[in-house]
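Residues per chain are reported as follows:
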Amino acid sequence: MTVTHWRRWIVLIWLLACVVFLVMRWQPILVFGLGDTDDNLRMAQVRALLNGQDWYDLRQYKLNPPEGYNIHWTRLVDLPIAALQLLIRPFFGIVIAEKASAALAPLIPLLVALLAMAIAVRRLVAPGSFAFAAGLMLACQAAMLMFMPLRVDHHGWQLALLVITIAGLADPNIRRGGLTMGLSSAVSLTIGLELMPFLAIAGAAIVLHWIWERDEALRMRSYGAALGLGCTLGYLGFASYDNQVARCDVLSPIWLTTMTVAGGLAVGLSFLSAQKPLIRLVAAGICGALLVGGFVYAWPQCIDRPEQISEELVRVWFSNVREAKPLYTQPWTTIATVISLPVVGVIGSIWAAWRAWGTRAFGTWAPVAFVSVVSLLLVLWQTRQGPAAQLMAVPGATALCWAIIPKMANHGSMVVRTFGVVATFLTLSGITTGLIVTNLPEGATKARGKNSNADKAIAAANARCPSLRAMRPLAKLPATTIFTFVDLGPRLITVTHHKAIAGPYHRNGDAILDVHHAFGGTPESARAIMLRHGATLLVT
């Protein structure tokens, strides 16, 4: 029954997860507690779209007036949020519609991700293993934060598309698998470039699979064609006016050209009739060198820092963004929580590939193991890659669960059948690590960043400042431009009718630096900066 009706079981698991998540977040939902700057700005962008802003104009005119703030996003992720609001507005009004859309929209990509992961592990492990995969996914602490109610930014959709890419990589139907990978990668790149390293290693896995097995040529051909065509359609349909110039941080003409050339090279390679893997390896190496060399020659400005920001902005702002730092610079408790499942996934995928050596299944598991290993390295490079690395670990962890837990469930000892099964799942999923970190004794709180009463007081104040209660007095004042901290700007423009100067978005470095200069300089220079921006109020 579970094998035949697995889709129904996944939907049921998703519905239960939705109930749990909505209950967990009910109070923040009621007070429109969008906790992240990106979530606030996303709602402001959707509101501007529904109020008649041009489809291709993504400037946020409530930031840095009058010219507005150059936002490097696309409208693609706005669509489900706007659709939910249009459905709910006629019955409950705008306020309830915005709260409901913020609560429900992140749960849609969660269903997509669960279904895609179930498909992947059914192909890789066994038809009945989807339940383990669903449980492991829901145990991914960093990843699940991206699907929580109110997390309306684009990360959930990108993660769901990444899981679809892995499902395509494991698809025994090589044409369908290639098309799936190419289209999902193109849609992800249309949304943003954050997961490009993962998409690149998935594409490299396809090429390596073709080098190992010449019969995989059709998968690579389908992938290349879908990638090039998908990126072209994504650019034509969703690239904003500001993204139609040569920029390094979005699917602009730079990356559109790169992706279409990469897709074309993949298609061309697929027609190579060489029988020897060494010849195919050399041909792939030449194509890769041409792609990289052409990129460096044509777009040298994208090599150093794709954000293209000044050294001063890097020093005073960008280098202090915590999620952009390597994982090894974080507290050890964060390292343990984020990395536990990826480590299990690497072990499981390598073990599964080793077991499959000499069979056709090796050709399926080897690329997945490759992706899992590189994902672990990527999370060491940047903490923000943690959610993706955790999801990439699920197939390998599922393989271990499927090999160990059924044996324990059929063991003669009742202790093994009960406690052994639970302990194994908790350990392999990383839940045990999370429980240990959460229940550390008081003496270990220093390692968790809670080493003084002053830190606690600052954290409490920072949590209160963006609340509706704190913003209500401002909302009663006549509309004006308010000078405030960079991270408070998106919240201010979303829950009041006022305008602000800056938000944490790298294309607007001058405005961000103005805020830093004002708060870090003399009263006279601060006043001059504020007046230059037309601000009439100061909020601290």
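Note that this is a predicted model, so its numbers are computed, not measured. (Residues numbered from 1 in each chain as written. Predicted model: local features only at pLDDT ≥ 70, side-chain atom pairs only at ≥ 80, totals over all residues. Heavy atoms only, no water.)

## Some thoughts on the overall build of the protein
Then, number 1: Assigned secondary structure in the protein consists of 25 helices and three strands.
Then, number 2: For the protein, the C-alpha radius of gyration of 25 Å lies close to 24 Å, the compact-globule estimate for 540 residues.
Then, number 3: C-alpha atoms of the protein, sized along the principal axes, occupy 75 × 60 × 50 Å.
Then, number 4: Only carbon and sulfur atoms are counted for the fraction: they give 67% of the accessible area of the protein, which is about 24300 Å². (Helix = DSSP H or I, 4+ residues; strand = E, 2+ residues; numbered from the N terminus. Rg over C-alpha atoms; globule rule 2.2 N^0.38 Å. Areas by Shrake-Rupley, 256 points an atom, 1.4 Å probe, with all protein chains shown as cover.)

## Overview of the sheet that holds strand β3 (residues 537-538)
Strand-to-strand pairing in sheets goes through backbone hydrogen bonds, with the strands running parallel or antiparallel.
Then, number 1: Strand order in the open sheet made by the three strands is β2-β1-β3, with parallel pairing throughout. In the strand order of this sheet, the two ends are held by β2 (499-500) and β3, each with one partner.
Then, number 2: Pairing analysis gives two bridges linking strand β1 (residues 481-483) to β3, with the strands arranged parallel. Note on β3: the bridge partner recorded for F483 is L538. (Pairing = 2+ DSSP bridges.)

## As for the state of the cysteines
Then, number 1: Within this structure, the stated rule accounts for one disulfide.
Then, number 2: Looking at C18, it has no disulfide partner, and the nearest cysteine sulfur is the one in C140, 16 Å off. (Disulfide = S-S within 2.5 Å.)

## Let's talk about the packing of helix α8 (residues 155-169) against helix α18 (residues 386-409)
Then, number 1: Put simply, α8 and α18 touch, their axes get as near as 10 Å, and they point 30° apart. Considering their axes alone, α8 and α18 lie roughly parallel with respect to each other. Crossing handedness for the pair α8 and α18: right-handed. For the pair α8 and α18, contact is made by L159, L162, V163 and I166 and by P387, A388, L391, M392 and P395, respectively.
Then, number 2: Here the contact of α8 with α18 is built from residues that sort into nine nonpolar, no polar and no charged. (Axes fitted to C-alpha atoms, helices over the stretch in contact; angles between N-to-C directions. Parallel < 35°, antiparallel > 145°, perpendicular 65-115°, else oblique. Left-handed = near helix turned anticlockwise from the far one by under 90°. Contact = heavy atoms within 4.5 Å. Nonpolar A, V, L, I, M, F, W, Y, C, P; charged D, E, K, R; others polar.)

## What to know about the pattern of salt bridges
Then, number 1: For the structure on display, the rule yields 13 salt bridges.
Then, number 2: The salt bridge involving R176 is made with D171; its shortest N-O contact spans 2.7 Å.
Then, number 3: On the accessibility criterion, R176 (41% relative accessible area) is partly exposed.
Then, number 4: A salt bridge links R219 to E216; the shortest N-O distance between them is 2.5 Å.
Then, number 5: By sharing partners, the salt bridges in this structure join R42, R75, D78 and D153 into a single network. (Salt bridge = Lys/Arg side-chain N within 4 Å of Asp/Glu carboxyl O. Buried < 20%, exposed > 50% of the residue type's maximum accessible area, 1.4 Å probe, protein only.)

## A few points about the environment of F238
Then, number 1: Structurally, the position occupied by F238 is in helix α11 (residues 217-238).
Then, number 2: Put simply, F238 and W73 are 165 residues apart on the chain and 9.1 Å apart in space, counted from C-alpha to C-alpha.
Then, number 3: Look past the residues within four positions of F238 in its chain and what remains in contact with it is W55, Y56, T74, R75, L76, L79 and T190.

## Some words on unusual backbone geometry
Then, number 1: With an omega of 5°, the peptide bond between P65 and P66 qualifies as cis.
Then, number 2: Within the element layout of this structure, P66 appears in the loop between α3 (37-50) and α4 (78-104).
Then, number 3: We note that N64 has phi near 50°; this positive angle belongs to a residue other than glycine.
Then, number 4: Looking at the element boundaries, N64 is found in the loop between α3 and α4.
Then, number 5: On the accessibility criterion, N64 (9% relative accessible area) is buried.

## Details of the side chain of Q45
Then, number 1: In this structure, Q45 sits in helix α3.
Then, number 2: Those residues in contact with Q45 that lie beyond four places of it in its chain are L58, R59, Q60, I71, W73, R75 and D78.

## Here's the deal with a nonpolar patch on the surface
Then, number 1: Residues L278, L281, V282, I286 and L290 make up a contiguous nonpolar surface patch of about 500 Å² in total accessible area.
Then, number 2: The topology assignment puts L281 in helix α13 (residues 277-298). (Patch = residues over 30% accessible without salt bridge, like charges linked within 9 Å, V, L, I, M, F, W, Y side chains within 5 Å.)

## Considering the packing of aromatic side chains
Then, number 1: What the rule picks out here adds up to 12 aromatic pairs.
Then, number 2: Centre to centre, the rings of Y56 and Y241 are 6.0 Å apart; their planes meet at 50°, and the pair counts as tilted. Here the residue Y56 occupies a position in the loop between α3 and α4, and Y241 occupies one in the loop between α11 and α12 (253-270), the gap between them amounting to 185 residues.
Then, number 3: According to the relative accessible area criterion, Y56 is partly exposed, its value standing at 26%.
Then, number 4: Ring centres 5.8 Å apart and planes at 90° place the aromatic pair W73 and Y505 in the edge-to-face group. Of this pair, W73 sits in the loop between α3 and α4 while Y505 sits in the loop between β2 and α24 (509-520), placing them 432 residues apart in sequence. Each of the two residues, W73 as well as Y505, counts as buried.
Then, number 5: Pairwise contacts between aromatic rings join Y69, W73 and Y505 into one cluster. (Phe/Tyr/Trp six-rings, centres within 6.5 Å; stacked < 30°, edge-to-face > 60°.)

## With respect to the environment of L145
Then, number 1: Within the secondary structure, L145 sits in the loop between α7 (141-144) and α8.
Then, number 2: Separated by 39 residues in the primary sequence, L145 and P106 place their C-alpha atoms 9.9 Å from one another.

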